[in-house]
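# Survey of secondary and tertiary structure
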Amino acid sequence: MPMPRPHDLLWIDSPRRLIWRQAVPDWAAAPWPAALPLVVRRDSCPSGLVPVGLRGVGRSQRAAAWIPAEAISRIATPEALFARLSPGLPAGAQALPVMRALRLLAAADWPWTWGVTGSCGYMLASGLPVSRPDSDLDLLIRCPHPVAAGDFAALLKILPSMPCRADIQLETPRGGCALLEWLRGGRVMVKTARGPELTDDPWETGHQHPTGV
């Protein structure tokens, strides 16, 4: 099984495998249901461990932990979640703005590999109604090599007509950065395992100044 990447969703063989970063919050104190996925976080951690986040139904219900890599029983990538667009979700969830927007985008033939993250991705993977009528649609575009701003012209044209706001992240070898921030030009903030960093080139993997320095 390949090592998971940030935003992948994981299922583990036993909730006893969770290694907590802090005191266990009340909402997660009961054994974590094995049927619910964990979200891979972007964080540094000891060798052999994977940084994960637990997500409850409420917006404030988030907790960080680690798991041993060998505890992973299944992985779903953001791009694999499109297979869950139709089955499994009740009609109310299917009618949410994020789902209507996702179906609109999925009907187009984009030149890059992309997927859904955030509350909509978690809802598709788990079946839990964590997306709301005012939720943003969080998307990830895989960009292993530098791209030109013009490559996203067609996407930018369709965004204003979508039924909800889209928060789009470019995933580069260095980390993740906001598409719209990168398109503005100049330095951008890239989320890395070391923390956020400002850089002129999101594809440059050399260490640069952390945010605020």
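These figures come from a predicted structure and were not determined experimentally.

Strand order in the open sheet made by the six strands is 2-5-4-3-1-6, with antiparallel pairing throughout. Every other strand in the sheet has two partners, leaving strand 2 (19-20) and strand 6 (72-76) as the edge strands with one partner each. Bridge count for strand 4 (residues 49-55) against strand 5 (residues 62-68) is seven bridges, and the pairing is antiparallel. Each bridged residue has a counterpart across the sheet, and for glycine 53 the counterpart in strand 5 is alanine 64. Against the sheet, helix 3 (residues 118-126) touches strand 1 (9-12), strand 3 (38-40) and strand 4, its axis set at about 40° to strand 1.

With that out of the way, let us pick up helix 3. Counting buried positions along helix 3 gives seven out of nine residues, so the element sits mostly inside the fold. Remark: glycine 127 follows helix 3 within two positions and exhibits a positive phi of approximately 85°.

A side chain of one charge can pair with a side chain of the opposite charge if their charged atoms are brought near each other. For the structure on display, the rule yields 10 salt bridges. With a closest N to O distance of 3.8 Å, arginine 5 and glutamate 79 form a salt bridge. Placement of the pair is arginine 5 in the segment before strand 1 and glutamate 79 in the loop between strand 6 and helix 1 (91-94), with a sequence separation of 74 residues. By relative accessible area, which is 38% here, arginine 5 ends up partly exposed. Relative accessible area serves as the criterion here: at 21%, glutamate 79 is assigned to the partly exposed category. Residues arginine 42 and glutamate 171 are paired through a salt bridge, measuring 2.9 Å at the closest nitrogen-oxygen approach. You can see arginine 42 sitting in the loop between strand 3 and strand 4 and its partner glutamate 171 sitting in strand 9 (residues 166-171), a full 129 residues away along the chain. Residue glutamate 171 is classed as buried on the basis of its relative accessible area, which comes to 11%. One salt-bridge network, in which partners are shared between bridges, spans Arg5, Glu79 and Arg142.

Conventions we followed
Within each chain, residue numbers correspond to sequence positions counted from 1 in written order. Since the coordinates come from a predicted model, pLDDT governs what is reported: local features require at least 70, and pairs of side-chain atoms require 80 or more to be given and counted, while whole-chain, interface and lining totals use all residues. Here the side-chain values reflect all heavy atoms present in the structure, with hydrogen atoms and water set aside. Note on pairing: two strands pair once DSSP finds at least 2 bridges between them. Only DSSP runs of H or I with at least four residues qualify as helices, and only runs of E with at least two residues qualify as strands; both kinds are numbered from the N terminus onward. Here, two residues are considered to be in contact whenever any of their heavy atoms come within 4.5 Å of each other. Fitted lines through C-alpha atoms serve as axes, helices being fitted only where they are in contact, and the angles separating the N-to-C directions of these axes extend from 0 to 180 degrees. A 1.4 Å probe rolled over the protein chains alone gives each residue an accessible area, and that area as a share of the maximum for its type sets the label: buried under 20%, exposed over 50%, partly exposed in between. By convention in these notes, a salt bridge is any Lys or Arg side-chain nitrogen within 4 Å of a carboxyl oxygen on Asp or Glu.

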